[in-house]
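Structural characterization, general
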Amino acid sequence: MSTFNEKQQKAFVDDHWAWAALPTWVKAVSLGIGLPAFLAVVYLLLAGEDSKSEKFVVLFGVFAMVCVLQIIYALRAFRKLGKDG
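This section reports on the structure supplied with the text. Along every chain, residues carry numbers that run from 1 in the direction the sequence is written. A pLDDT threshold of at least 70 governs which residues receive local features in this predicted model, and a stricter bar of 80 or more applies before side-chain atom pairs are shown or counted, although totals over entire chains, interfaces and linings include all residues. In computing side-chain values, all of the structure's heavy atoms are included and hydrogens and water are not.

With that out of the way, let us pick up the overall build of the protein. The helix count covers DSSP runs of H or I at least four residues long, the strand count covers runs of E at least two residues long, and both are numbered beginning at the N terminus. Per the secondary structure count, the protein includes four helices and zero strands. Residues are treated as being in contact if the distance between any of their heavy atoms lies within 4.5 Å. Across the protein, contacts joining residues at least 24 apart in sequence account for 66% of those joining residues at least 6 apart. Accessible area for the protein stands at about 6,200 Å²; split by element, carbon and sulfur atoms hold 66% of it. Here, Shrake-Rupley sampling with a 1.4 Å probe gives the accessible areas, and only protein chains in the shown set may cover a residue.

Laid out in C-alpha cells, this is it:
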C-alpha cells in the first residue's frame, strides 16, 4: 500500500515532477549556487583537501542549505497536490 494518493503517485513517481514543481527562483538558486558549491566540494575531496578545512565546511554548508531549500519547496508542492485530490 502506498502513502501517495493517485495524483501524487502519477506526478512525483511516474512523471518525475519534483523538479518541475519547484519555483523558478529555487531552480535558479540550485543551478547558480548549489551546483557550483557541489562541484567545488567534489573537487576539494578529489584534491585531498581536509574535510575540516574552512573552505570545505563553508562550501558544504552552502550546498546543504540549497538542498534543504529544494526539499522544503518540493514538500510544499507535494502537500498542495495531496489536498487537491
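Looking at the element boundaries, Ser30 is found in helix 3 (residues 24-46). Remark: exposure states derive from per-residue accessible area (1.4 Å probe, protein chains only) relative to the maximum for the residue type, with buried under 20%, exposed over 50%, and partly exposed in between. Here Ser30 falls in the buried class, since its relative accessible area comes to 6%. Within 3.5 Å is the distance limit for a polar contact, defined as a pair of N or O atoms, with the added protein rule that one can donate a hydrogen and the other accept it, and that residues adjacent in sequence qualify only through two side-chain atoms. In this structure the side chain of Ser30 is engaged in a polar contact, spanning 2.8 Å, whose partner is the backbone oxygen of Val26. In this structure, Ser30 is in contact with Trp19, Leu35, Val66 and Gln70, ignoring residues within four places of it in sequence.

Quick look at helix 3 now. Every helix has an expected span of 1.5 Å times one less than the residues it contains. Helix length check: helix 3, at 23 residues, gives a terminal C-alpha distance of 32 Å against a target of 33 Å (1.5 Å per residue), a fit within 8%. What is called the bend at a residue is the angle between a pair of axes, fitted to the seven residues leading up to and ending at it and to the seven starting from it. The sharpest bend along helix 3 measures roughly 35 degrees and falls at Gly34, with the proline Pro36 sitting one to four residues further on. The complete set of buried residues in helix 3 reads Val26, Ser30, Gly34, Ala37, Val41 and Leu44. Two residues or fewer after helix 3 comes Gly48, characterised by a positive phi angle close to 85 degrees.

Here we take up the environment of Ala20. Mapping Ala20 onto the fold places it in helix 2 (residues 18-21). Taking C-alpha positions, Ala20 is 9.9 Å from Ala77, a pair spaced 57 residues apart along the chain.

No statement about biological role is implied by the geometric values presented.
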